[in-house]
Amino acid sequence: MAVTAEIINLLGATVLLTAFLLLFHSYMHSVIETISFQSVLIGLIIGIVGWENGVRELILLAGITVAFRAIIIPWLLARDIRDEYIWRYREIKTTHHVMVLGLIVAVAAYFLYMPVYDATKSWNGVIPFVLLFLSLLIIVTRRNALAQVVGYVSEENALLYLAVMLSPIPMVLEFGILLDMIAFVLLAVVLGAEKRYGPLEVEELVG
């Protein structure tokens, strides 16, 4: 049990590292590769928790997570930027000093988790809780629609990770499937708009 907990914590720390990489990367293909890797890590965490507790639903959810978020969504995004020659050299906009902002948000999220700890008496949710806030920062700081979709997928990963750590098992599978359906609809809308209008910045979407 202790070894399993250490493995999960190590994978969780690596997941946080991928969130900072998502903030740092300037090219879309690197962002896609990073979110795919992050989703694989989330799938591994869910699978380990399911295996350790003998819960088949979590093992199934781990497979769905890897298939949908680590393979299908990155493939769709990669195909979209491959069809647009401009993406080979186009940087995706972000704010200056974003890594510093990321560190500040991570520390703030840690302290915001304290009431959750008081209620649950568990530190298991602190890593996904920090990841949730970093993912929100990704969405806020990115100005390109595809990059924001990646931020939303990272946010979904954080919510699913948090649910696995803190929520009753029966609701986790339903929650994960619901998040995947929302992500698919959002991705379909954005890719449809990009196919019609070309690469979109946020200002173009709202204006």
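This text goes with the structure placed above it.
Cut-offs used in this document
Residues numbered from 1 in each chain as written. Predicted model: local features only at pLDDT ≥ 70, side-chain atom pairs only at ≥ 80, totals over all residues. Heavy atoms only, no water. Core = buried A, V, L, I, M, F, W, Y, C linked by side-chain atoms within 4.5 Å. Buried < 20%, exposed > 50% of the residue type's maximum accessible area, 1.4 Å probe, protein only. Contact = heavy atoms within 4.5 Å. Phe/Tyr/Trp six-rings, centres within 6.5 Å; stacked < 30°, edge-to-face > 60°. Helix = DSSP H or I, 4+ residues; strand = E, 2+ residues; numbered from the N terminus. Expected span 1.5 Å × (residues − 1). Axes fitted to C-alpha atoms, helices over the stretch in contact; angles between N-to-C directions. Parallel < 35°, antiparallel > 145°, perpendicular 65-115°, else oblique. Left-handed = near helix turned anticlockwise from the far one by under 90°. Nonpolar A, V, L, I, M, F, W, Y, C, P; charged D, E, K, R; others polar.

A. Here's a closer look at the nonpolar core. Within the largest apolar cluster, 47 residues are counted, with the highest numbers of intra-cluster contacts made by M28, I46 and L134. Among all residues touching L134, those that are not within four sequence positions of it are L16, A19, F20, L23, G102, V105 and A106.

B. Up close: the packing of aromatic side chains. Taken as a whole, this structure holds 6 aromatic pairs when the rule is applied. Seen from their ring centres, Y117 and W123 are 4.4 Å apart, and the 20° between their planes marks the pair as stacked. Y117 gets classed as partly exposed once you look at its relative accessible area, which sits at 24%. Aromatic rings pair up to connect Y110, F111, Y113, Y117, W123, F129 and F133 into one cluster.

C. Broad picture of helix α2 (residues 28–53). When the terminal C-alpha atoms of α2 are compared, their 38 Å separation across 26 residues agrees well with the 38 Å that a helix rising 1.5 Å per residue should span. At the C-terminal side of α2, G54 shows a positive phi close to 65°.

D. Expanded view of the side chain of T34. Within the secondary structure, T34 is located in helix α2. Residues within four places of T34 in sequence aside, it is in contact with T18, L21, L22 and H25.

E. Just the packing of helix α6 (residues 126–141) against helix α7 (residues 145–166), in detail. Relative orientation of the contacting elements α6 and α7 amounts to 165°, with a least axis distance of 8 Å. The pairing of α6 with α7 is recorded here as roughly antiparallel in orientation. Seen from above, α6 lies across α7 with left-handed handedness. Here I127, P128, F129, L131, L132, S135, L136, I138 and I139 of α6 lie close against α7, whose contacting residues are A147, Q148, G151, Y152, S154, E155, N157, A158, L159, Y161, L162 and M165. Here the contact of α6 with α7 is built from residues that sort into 15 nonpolar, 5 polar and 1 charged.

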